[in-house]
Amino acid sequence: MNRVIFVALVGAAVLCAAPAGPAQPAPSPRADALELLFIGGETPARLELRAEIDGRPVPAVWDDTFAKLFAYFDRDADGALDATEAARLPSAFALRQVLWGQSTPFTGAAPPLADIDLNGDGKASPDEVADFYRRAGLGGVLVGCGKAPATDALTDALLKHLDTNKDGKLTEAEVKTAPDALKALDANDDELIGPGELVERTAYPGALGSILVTAPAPNGAPDAVADALPFVVLPLRTADRGWEAVAAARRAAAKRPAFAGDALRGARADAPAVAWRVRFGAGKLAGGAVAAADGKPPASGQLVYAAGAVRLELRSDEGKLAEPVAAARKRYAAQFAEADADANARLDPKELAAPKAGTLKQLAAAADRNGDGALSDTELTAWLDLQDQIARGHVLLTVIDHGAGLFELLDADHDGALSVRELRGAWDRLTAAGCVTDGRFDRAKLPRQLLAAISRGHPKSSPGKPARPGPAWFVAMDRNGDGDVSRREFTGPAAVFDTLDADKDGLLDAREAGAAAKK
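Procedures and definitions
- All residue numbers here refer to positions counted from 1 along the written sequence of the relevant chain.
- Where local features are concerned, this predicted model is filtered to residues with pLDDT of at least 70; where side-chain atom pairs are given and counted, the filter is 80 or more; whole-chain, interface and lining totals use all residues.
- Side-chain figures throughout are based on the complete set of non-hydrogen atoms in the structure, without hydrogens or water.
- Two strands qualify as a pair provided that DSSP identifies no fewer than 2 bridges between them.
- Put simply, DSSP H or I for four residues or longer makes a helix, DSSP E for two residues or longer makes a strand, and each gets a number counted from the N terminus.
- Classification of residues uses two cut-offs on accessible area relative to the type maximum, computed with a 1.4 Å probe and protein chains only: under 20% is buried, over 50% is exposed, and between them is partly exposed.
- In what follows, a contact means two residues having at least one pair of non-hydrogen atoms within 4.5 Å.
- A fitted line through C-alpha atoms serves as each axis, taken over the contacting stretch for helices, and the angle formed by two N-to-C directions is quoted from 0 to 180°.
- Our angle categories are set so that under 35 degrees counts as roughly parallel, over 145 as roughly antiparallel, 65 to 115 as roughly perpendicular, and the remainder as oblique.
- When residue character is reported, Ala, Val, Leu, Ile, Met, Phe, Trp, Tyr, Cys and Pro are called nonpolar, Asp, Glu, Lys and Arg charged, and the others, Gly included, polar.
- Here a polar contact is recorded for every N or O atom pair within 3.5 Å, except that within protein the pair must consist of a potential hydrogen donor and a potential acceptor, and residues adjacent in sequence are included only if both atoms are side-chain atoms.

Q: Could you clarify how one ought to interpret the sheet that holds strand 6 (residues 142-147) in this entry?
A: The strands making up a sheet associate through hydrogen bonds between their backbones, and the pairing can be parallel or antiparallel. The sheet built from 6 strands is open, its strands ordered 8-6-17-21-14-13 with mixed pairing. Edge strands, defined here as strands with exactly one partner in the open sheet, are strand 8 (211-212) and strand 13 (302-307). Sheet topology places strand 6 next to strand 8; 2 bridges connect them, and they run antiparallel. Along strand 8, the bridge assignment pairs Cys 145 with Ile 211.

In structure tokens:
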């Protein structure tokens, strides 16, 4: 059962003479993990992705952020934000922009108090502020998606070059000639076949996870990107139910039978089909790999979920949010020192208006907590500390939808190129994926492939791209980065290569290199 943290209701003595007022809406309980509901199989399947920072789930880190955000703008410390205080709150869009290294006060209008004030008392409580941002899609792991544009073109190009007898059919014999049949395309002579060598001027994957996909909202507008995905992002607020109708509508649009009874509702109430966990710590991955439900990371560093014609591969990535956050803090501190002409650790209105102050004048509108029209170094530090806290919980799941592509299926390690080893094993991979009918490749059975990375901020490398293991000498010799050292790449004597190449396939892999290191 998914663990849910409920908002505590504080009991109080009630005078007998006091009439009972109308029930007021209350903040919704929230989930502790990101939940994706896959809707393409015979039954709905919920995937639970629990991301932790220093041992705490991301939603709990955001709880701290919302509490500190509230306290920062509660200038009179009375435990509630009035209209003036609430007008200083950053927009939800501004908080999301931290993913791109932006600062919070500069984008989007402040949320109207009426949108925050659930009980209509004219003020915003800490719970109401947190609930507002959660309704706006914050408070947990964000999901960013993109669609690779060249999938079909790459498949067409591979079929053209591999179908040597031009009969429109691809047999095992033809596929097994792939290393030789495609060798002439290797324009840069790196022993890899890249997308640009198959289809001219093709960038790969050609998409970023820059389209934010949130949980469906009741009566929300259609979203072409979200509607095309084989899964639904479930709302962090567990009382929200708008996603059920959307999931059913997407199921119908795909011309699939409706789920029976309360299958959708039960999918969230029951244990997840798959539960994954990734741990971050001190700004980096703790352990360096995604961990499965049993706590043991897979040897590949990736986790795979397959259902019907959909295959999702997930890996973890340290992410690159720490760098812009640290750089912004350093930049603001330097700007403050330069603008502080009288070196009194305080920028008065005249100093803030000077060109040297740069964006500090804008920042002062939010950071001038005592309202004296100046910005002290103490106020600047408090504001920068708040930015660090906001950035702390920004974990992103980047999903690139590659569609049903032959290149993507053969690129087993998802590094964006086809290696000699991958081409040698192409037929076996097609067979294992169920893409062979009557001894021939069946394009219609290619699985839809989603490559995903979970990271703090945007990932440092493309989703799916693996880390390369092996001794230092092995990694250094692997000049094309495909995870193997070929005879051409090996810089030692040929006789040594032959000794190390235990399986005599003409390639040294990390296992063979590791065995040599032990000897």
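Moving on, there is more to tell.
Q: Mind showing me how you'd approach helix 5 (residues 126-135) here?
A: Side chains of residues three or four places apart in an α-helix project in the same direction, reflecting 3.6 residues per turn. For helix 5, a buried count of 7 out of 10 residues is recorded, marking the element as mostly surrounded by other parts of the structure. Within helix 5, burial applies to Glu 128, Val 129, Ala 130, Asp 131, Phe 132, Tyr 133 and Arg 134. Buried residues along helix 5 sit against strand 2 (30-31), helix 1 (58-73), helix 3 (92-96) and helix 4 (113-116).

Q: Looking at this structure, I do not really get the packing of helix 15 (residues 360-367) against helix 16 (residues 377-392). What am I missing?
A: The geometry of a pair of packed helices is captured by two quantities: the angle between their axes and the separation between those axes. Remark: helix 15 packs on helix 16, axes separated minimally by 10 Å, with the N-to-C direction vectors making an angle of 80 degrees. With respect to each other, helix 15 and helix 16 are oriented roughly perpendicular. In contact with Leu 360, Leu 363, Ala 366 and Ala 367 of helix 15, helix 16 contributes Glu 379, Leu 380 and Trp 383. Along the lines of polarity and charge, the residues of the contact of helix 15 with helix 16 split into 6 nonpolar, no polar and 1 charged.

Q: What am I meant to see in the side chain of Asp 482 here?
A: With respect to the helices, strands and loops of the structure, Asp 482 is situated in the loop between helix 20 (472-477) and strand 22 (484-486). For Asp 482, a relative accessible area of 9% corresponds to the buried category. A distance of 2.9 Å separates a polar side-chain atom of Asp 482 from the backbone nitrogen of Asp 484. Those residues in contact with Asp 482 that lie beyond four places of it in its chain are Leu 192, Asp 413, Asp 415, Ser 419 and Arg 468.

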